[in-house]
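# Structural overview for review
Each chain, letter by letter, is given below.
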Amino acid sequence: MRKLYSCLCLFLLVSGHTLLAQGNGPGVRGARAAALGNSSVTISDVWAIGNNVAGIGQLTQPTIGFYAENRFLSRAFNTAALVAAMPLGPLANGKPKSGVVGFEAQRFGDKLYSEQRLGVGYGYRGSLVSIGARLDVLQVSIERLGSRRTAALSLGGQAEIIPKQLVFGAYLYNLNQAKLAEYQDERVPTVLKAGLSYRPNDKLMLNLETEKDVEQSADFKAGIEYRLLEALALRAGFATLTEQTTAGLGFQAGHLQIEYAAAWQTVLGLSQHLAVSLRLDAK
């Protein structure tokens, strides 16, 4: 057991800057975001429940999704998430009159070390501006050492600077600086993300984003999405702090969306992401 703990500690030390997405940080939601280097703060889909909760305010149909990530081909660094979003009230001017509520259940890790979160969020779309808020209940569990729980509040916003062409997004994760333990004043990371998305037409999207943990260096991210066919999208991206290059594709068949992404880290190797989402007919 001591050897197992030593191996885990060594892995965390070697890959510390790469694992910033965990440690109960905001992380990555969905293979689309992963393929774009996680430059996702301006995107509006069901995975916005974790990437920027303001983005769910534009959903017009109930949607459910499942996301799985295998990081560096190690079972100890697997992530799985289940998300759902429900528009409230009738549609008015192409958007839900009373906004959209979303839910997420996520788990990272294995029996030795794991992180769990339950999150509920709300997004509302105005004319050209969307706003949202989310509350997370977070738990960290270490075998034989027990568990710690806390709650984190996050706020997000999106605005169309040029309607349908230039979008600005910002997301503040854990604005209350939730504390996990008294020892060394251990807290959940507080992270600010902000970015721009340029969409000159229906086929092309270019994203630029910066992410700053208050205790870490800034991460600069970029991604490109090109819709080769109506049902097929190609994506690529990179992130500077984590030294990752990414690529992926998305396939749409009716209300079903299937997405895959791969990320390559220069030291630790390959990570894979798979997401499946389904839009449901509103009653």
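One can find the structure itself at the top, above this paragraph.
### Here we look at the overall build of the protein
When you go through the protein residue by residue, the secondary structure sums to 3 helices and 18 strands. Relative to its length of 283 residues, the protein is compact, with a C-alpha radius of gyration of 18 Å against a globular reference of 19 Å. The C-alpha extent of the protein, read off along each of the three principal axes, is 60 × 35 × 35 Å. When each of the 283 residues of the protein is scored for burial, the buried share is 47%. For the protein, the exposed area adds up to about 13,700 Å²; of that, 64% sits on carbon and sulfur atoms. With 28 positive and 22 negative side-chain charges, the protein shows a spacing of 4 Å between the two charge centroids.

### Side note on the pattern of salt bridges
Oppositely charged side chains may form a pair once their charged atoms are brought near each other. Counted under the stated rule, the structure contains 13 salt bridges. Where Arg29 meets Glu104, a salt bridge forms, and the shortest distance between an N and an O atom there is 2.5 Å. Note that Arg29 is positioned in the loop between α1 (2-14) and α2 (31-35) and Glu104 in strand β5 (residues 100-109), a separation of 75 residues in sequence. Of the residues examined, Glu104 reaches a relative accessible area of 0% and is grouped as buried.

### Overview of the pairing of strand β18 (residues 269-279)
In this structure, strand β1 (residues 63-70) lies alongside β18, joined through 8 bridges in antiparallel fashion. When the sheet's bridge partners are listed, Ile64 is paired in β18 with Leu278. Across 10 bridges, the pairing between strand β17 (residues 256-265) and β18 is antiparallel. Pairing of Leu256 across the sheet is with Leu278, part of β18. As consecutive antiparallel partners, β17 and β18 are separated by 3 residues.

### Let's talk about the nonpolar core
One finds Val46, Trp47, Ile56, Tyr67, Tyr173 and Val188 to be the most contacted residues of the largest nonpolar core, which totals 29 residues. Of all elements in the fold, only α2, α3 (48-51), β2 (78-87), β7 (129-142) and β9 (166-173) reach the threshold of two or more residues within this core. In terms of residues, this core owes the most to one element, α2, which gives 4 residues. Residues contacting Tyr67, with those up to four places away along its chain left out, are Val28, Arg29, Gly30, Ala31, Trp47, Thr79, Ala80, Ala81, His273, Leu274 and Ala275.

### Quick look at the environment of Gln272
Along the chain, Gln272 falls in strand β18. Apart from residues no more than four positions distant in its own chain, Gln272 is found in contact with Ala68, Glu69, Asn70, Leu73, Tyr260 and Ala261. Within polar-contact distance, the side chain of Gln272 engages the side chain of Tyr260 at 2.7 Å.

### Remarks on the packing of aromatic side chains
Using the criterion set out here, one finds 2 aromatic pairs in the structure. Where Phe77 meets Phe108, the ring centres are 6.0 Å apart and the plane angle is 50°; that geometry is what we call tilted. Highlighted residues: Phe77 in the loop between β1 and β2 and Phe108 in strand β5, separated in sequence by 31 residues. Neither Phe77 nor Phe108 differs from the other in exposure class; each is buried.

### Re the side chain of Glu160
With respect to the helices and strands, the residue Glu160 is situated in strand β8 (residues 146-162). Within the structure, Glu160 has its side chain in polar contact with the backbone nitrogen of Lys164 (distance 2.9 Å).

### Observations regarding the side chain of Ser154
Here Ser154 shows up in strand β8. Here Asn174 takes part through its backbone nitrogen, which lies 3.1 Å from a polar atom of the side chain of Ser154. Each residue touching Ser154, except ones within four places of it in the same chain, is listed here: Gly132, Ala133, Arg134, Tyr171, Leu172, Tyr173, Asn174 and Leu175.

### A short note on the pairing of β17
Taken residue by residue, a regular strand's side chains alternate between the two faces of the sheet. Residues Gln257, Glu259, Ala261, Ala263 and Gln265 point to one face of β17 and are all buried, whereas Leu256, Ile258, Tyr260, Ala262 and Trp264, pointing to the other face, are not buried. One ladder, built from 10 bridges, connects strand β16 (residues 244-253) with β17; its direction is antiparallel. Among the inter-strand pairings, Leu249 is bridged to a residue of β17, identified as Tyr260. In this antiparallel pair of consecutive strands, β16 and β17, the connection spans 2 residues, and Gly254 shows a positive phi of 65°.

### A few points about unusual backbone geometry
In this model, Phe72 sits at a positive phi of 55°, which is unusual for a non-glycine residue. With a phi angle near 60°, Leu73 is a residue other than glycine that sits in the positive phi range. One can find Leu73 in the loop between β1 and β2.

### What to know about a nonpolar patch on the surface
Residues Tyr226, Leu228, Leu229, Leu234, Leu249, Phe251, Ile258, Tyr260, Leu274 and Val276 make up a contiguous nonpolar surface patch of roughly 820 Å² in combined accessible area. For the nonpolar patch, the elements supplying multiple residues, two or more each, are β14 (218-229), β16, β17 and β18. For Phe251, the location among the structural elements is in strand β16.

What counts, and where the lines are drawn
- Residues numbered from 1 in each chain as written.
- Predicted model: local features only at pLDDT ≥ 70, side-chain atom pairs only at ≥ 80, totals over all residues.
- Heavy atoms only, no water.
- Helix = DSSP H or I, 4+ residues; strand = E, 2+ residues; numbered from the N terminus.
- Rg over C-alpha atoms; globule rule 2.2 N^0.38 Å.
- Buried < 20%, exposed > 50% of the residue type's maximum accessible area, 1.4 Å probe, protein only.
- Areas by Shrake-Rupley, 256 points an atom, 1.4 Å probe, with all protein chains shown as cover.
- Lys, Arg positive; Asp, Glu negative; His and termini not counted.
- Charge placed at Lys NZ, Arg CZ, Asp CG, Glu CD.
- Salt bridge = Lys/Arg side-chain N within 4 Å of Asp/Glu carboxyl O.
- Pairing = 2+ DSSP bridges.
- Core = buried A, V, L, I, M, F, W, Y, C linked by side-chain atoms within 4.5 Å.
- Contact = heavy atoms within 4.5 Å.
- Polar contact = N/O pair within 3.5 Å; in protein donor to acceptor, adjacent residues only side chain to side chain.
- Phe/Tyr/Trp six-rings, centres within 6.5 Å; stacked < 30°, edge-to-face > 60°.
- Patch = residues over 30% accessible without salt bridge, like charges linked within 9 Å, V, L, I, M, F, W, Y side chains within 5 Å.

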